[in-house]
Amino acid sequence: MVLDRLEPNGCSVDEQQQAELIEEARKVFAGPITFLKSAPDLKFLPGMAVNEVAFAGRSNVGKSSLLNALTGRNGLARTSNTPGRTQELNFFDVGDPLRFRLVDMPGYGYAKAPKDMVRKWRFLVNDYLRGRAKLKRTLVLIDSRHGIKDVDNDILDMLDAAAVSYRIVLTKADKVKASHLAEVTQATADAIRKRPAAHPDIIPTSSEKGMGIAELRAAVLESVMQG
């Protein structure tokens, strides 16, 4: 039997490294974070000065609330009473000096969105995913009450085709029972197992209760440290 090597504090090496990453991420997200710009078209994208992590999700998945919880700033990402209204890529600078950027992608799957808006969304997002060398990972938000839907599979297909690494983040985990959350997490893991660009680990979160936020910060920092 092979035992994990333990640090003096009794933690395994992996646990110690994760704890250190979580603490470093806490410090990073406690520092300066500012809105840079909105890009309704590729010609408005900022220069690729640093690595980026993008956030994608259905229009009512709670993306803005999660971004605000992640950064510890209530008004950083704008929430809208009309899901699907924002059809731009929003860029946020993290750190001073600048360390990396967060990218809030426009929500998808809003049933009442006009067809031309949906078409514009697909062009903007697809072109961004395929042409952004500094994009290190996309975090795809899935409502833990519902799991992966057909409209979510569309964005996963786009990410796989663009060879962009992505990771599933379950939102609103406080709204379901622990047993249901475990079932959704397992079903999600099973659904992405054969997808080539999917990270195998899933992060359940709650923007209201703070569940999983520390782990999500660490996941963001880890991804931008790659290359």
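Here, every reference points to the structure presented above.
Residues numbered from 1 in each chain as written. Predicted model: local features only at pLDDT ≥ 70, side-chain atom pairs only at ≥ 80, totals over all residues. Heavy atoms only, no water.

A word on the overall build of the protein. When you go through the protein residue by residue, the secondary structure sums to 6 helices and 7 strands. For the protein, the N- to C-terminal ordering of α and β elements is α-β-β-α-β-β-α-β-α-β-α-β-α. Counting contacts in the protein only where the partners sit at least 6 residues apart, residues at least 24 apart contribute 76% of the total. Carbon and sulfur atoms make up 50% of the accessible area of the protein, which totals about 11,700 Å². (Helix = DSSP H or I, 4+ residues; strand = E, 2+ residues; numbered from the N terminus. Contact = heavy atoms within 4.5 Å. Areas by Shrake-Rupley, 256 points an atom, 1.4 Å probe, with all protein chains shown as cover.)

Let's shift gears to the nonpolar core. Formed by 35 residues in total, the largest nonpolar core has its most connected members in Leu89, Tyr128, Leu129, Val140 and Ile155. When residues of this core are traced back to their parent elements, those giving at least two are β2 (52-57), β3 (89-94), α3 (115-131), β5 (135-143), α4 (150-162), β6 (166-171) and α5 (178-192). Leave out the neighbours within four places in its chain, and Tyr128 touches Leu42, Leu45, Glu52, Ala54, Leu89, Phe91, Val103 and Leu135. (Core = buried A, V, L, I, M, F, W, Y, C linked by side-chain atoms within 4.5 Å. Buried < 20%, exposed > 50% of the residue type's maximum accessible area, 1.4 Å probe, protein only.)

On to the packing of aromatic side chains. Considering all chains together, one arrives at 4 aromatic pairs under this definition. Aromatic side chains Phe91 and Tyr128 sit 6.4 Å apart centroid to centroid with 80° between the ring planes, which places their arrangement in the edge-to-face category. Here the residue Phe91 occupies a position in strand β3, and Tyr128 occupies one in helix α3, the gap between them amounting to 37 residues. Since its relative accessible area comes to 0%, Phe91 is described here as buried. Judged by its relative accessible area of 1%, Tyr128 falls in the buried class. (Phe/Tyr/Trp six-rings, centres within 6.5 Å; stacked < 30°, edge-to-face > 60°.)

As a further point, take the environment of Ala191. One can find Ala191 in helix α5. With 44 residues separating them along the chain, Ala191 and Gly147 place their C-alpha atoms 10.0 Å apart.

Between Asp96 and Pro97 the backbone carries a cis peptide bond, its omega angle lying at 10°. Among the structural elements, Pro97 can be located in the loop between β3 and β4 (100-104). Phi at Ala163 is positive, roughly 60°, even though this residue is not glycine. Since its relative accessible area comes to 67%, Ala163 is described here as exposed. The phi dihedral of Lys172 is positive, around 55°, even though this residue is not glycine.

Once that is clear, we can look at α3. Between the first and last C-alpha of α3 there are 24 Å, a value that for 17 residues agrees with the 24 Å anticipated at 1.5 Å per step. Inspection of α3 places Trp121, Leu124, Val125, Tyr128 and Leu129 among the buried residues, and these make up the whole buried set. When α3 is viewed along its axis, its buried side chains cluster within an angular range of 120° and face the same direction. Exposed side chains of α3 directed beyond 90 degrees from the buried face belong to Lys115, Asp116, Phe123, Arg130 and Gly131. Along its buried surface, α3 packs onto β1 (33-39), β2, β3, β4, β5 and α4. (Expected span 1.5 Å × (residues − 1). Arc of directions from axis to C-beta.)

Attention now moves to the packing of helix α2 (residues 63-71) against helix α6 (residues 213-224). Put simply, α2 and α6 touch, their axes get as near as 9 Å, and they point 85° apart. When the interaxial angle is binned, α2 and α6 end up roughly perpendicular. Between α2 and α6, the contacting residues are Leu66, Ala69 and Leu70 on the first element and Ile213, Leu216, Arg217 and Val220 on the second. Looking at the contact of α2 with α6 residue by residue, the classes come out as 6 nonpolar, no polar and 1 charged. (Axes fitted to C-alpha atoms, helices over the stretch in contact; angles between N-to-C directions. Parallel < 35°, antiparallel > 145°, perpendicular 65-115°, else oblique. Nonpolar A, V, L, I, M, F, W, Y, C, P; charged D, E, K, R; others polar.)

Turning next to the pattern of salt bridges. Counting across every chain of the model gives 13 salt bridges. Among the ionic pairs, Asp143 bridges to Lys172, the shortest N-O distance being 3.9 Å. A residue pair is termed long-range when its members are at least 10 positions apart, and Asp143 in strand β5 and Lys172 in the loop between β6 and α5 qualify at 29 residues. When its relative accessible area of 2% is taken as the criterion, Asp143 is described as buried. (Salt bridge = Lys/Arg side-chain N within 4 Å of Asp/Glu carboxyl O.)

The next point concerns the pairing of β5. For β5, a buried count of 8 out of 9 residues is recorded, marking the element as mostly surrounded by other parts of the structure. When β2 meets β5, the two strands line up parallel, connected through 6 bridges. Within β5, the residue paired with Gly57 across the bridge is Leu141. Relative to β6, β5 runs parallel, the two sharing 6 bridges. For Asp143, the partnering residue across the bridge sits in β6 and is Thr171. Tracing the backbone out of β5, into α4 and back to the parallel element β6 gives a crossover that is right-handed. (Pairing = 2+ DSSP bridges. Right-handed = clockwise from strand over helix to strand, strands pointing away.)

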